[in-house]
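Commentary on secondary and tertiary structure
The residues making up each chain are set out below.
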Amino acid sequence: MNTENAKSQMRKGMLEYCVMLLLHREASYATDIIAQLKEAALIVVEGTLYPLLSRLKKDGLLTYEWRESTQGPPRKYYALTTEGIEALKDMDDAWNGLVRTVDLLKATQESSNKNV
């Protein structure tokens, strides 16, 4: 079985949540978001991130402001809106529920493997 596709789908499913977690900490520039995701071993390219940021902005979950840069033109810094913070809380609840479910299923599998 090739698990690469399944792993890719898992990463895609988590990306929105992970981006919102980062932006809850502090407003960030897209390149910084990508660097932080790569540092956390969630590999992302600009072609994936920019459409996600645009959709979250359109949905009212993000806002942005232009900030001057010492290394070129002004940069767009993204931050969560109040609605985005509420959505993140909902996503936290959903994530915690998924973790509990997976942990329960893994524990069930491990105990059944011991009985074999």
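Before going into details, it helps to say that this report is about the structure given with it. (Residues numbered from 1 in each chain as written. Predicted model: local features only at pLDDT ≥ 70, side-chain atom pairs only at ≥ 80, totals over all residues. Heavy atoms only, no water.)

Once that is clear, we can look at the layout of surface pockets. In this model, the largest pocket occupies a volume close to 160 Å³. Taken together, Ser8, Arg11, Lys12, Leu15, Leu42, Ile43, Val44, Val45 and Thr48 make up the full set of residues lining the largest pocket. Among the elements that make up the lining of the largest pocket, the one with the highest residue count is helix α1 (residues 4-25) (four residues). Per-class residue counts for the lining of the largest pocket are five nonpolar, two polar and two charged. (1 Å grid on protein atoms, 1.4 Å probe; cavity = no way out; pocket = protein on both sides within 12 Å on 5 of 7 lines; lining within 4 Å. Points joined across faces, edges and corners; volume = space filled by probe spheres on them. Helix = DSSP H or I, 4+ residues; strand = E, 2+ residues; numbered from the N terminus. Nonpolar A, V, L, I, M, F, W, Y, C, P; charged D, E, K, R; others polar.)

What follows covers the side chain of Ser28. Looking at the element boundaries, Ser28 is found in strand β1 (residues 28-29). In terms of polar contacts, Ser28 uses its side chain to reach the backbone carbonyl oxygen of Glu26, at 3.3 Å. Once residues lying within four places of it in the same chain are set aside, the contact partners of Ser28 are Leu23, Ile33, Gln36, Lys76, Tyr77 and Tyr78. (Polar contact = N/O pair within 3.5 Å; in protein donor to acceptor, adjacent residues only side chain to side chain. Contact = heavy atoms within 4.5 Å.)

What follows covers helix α3 (residues 46-58). Helix length check: α3 (13 residues) gives 18 Å between terminal C-alpha atoms against 18 Å at 1.5 Å per residue, within 8%. Among the residues of α3, Leu49, Leu52, Leu53 and Leu56 are the ones counted as buried. Along α3, the residues classed as buried sweep out an arc of 100 degrees about the axis, all on the same side. In α3, the exposed positions angled more than 90 degrees off the buried face are occupied by Gly47 and Lys58. Residues of α3 that are buried sit in contact with α1, α2 (30-39), β2 (62-69) and β3 (72-80). Where α3 ends, the next residue or the one after it, Gly60, has phi of about 80 degrees, a positive value. (Expected span 1.5 Å × (residues − 1). Buried < 20%, exposed > 50% of the residue type's maximum accessible area, 1.4 Å probe, protein only. Arc of directions from axis to C-beta.)

Geometry only, nothing functional implied.
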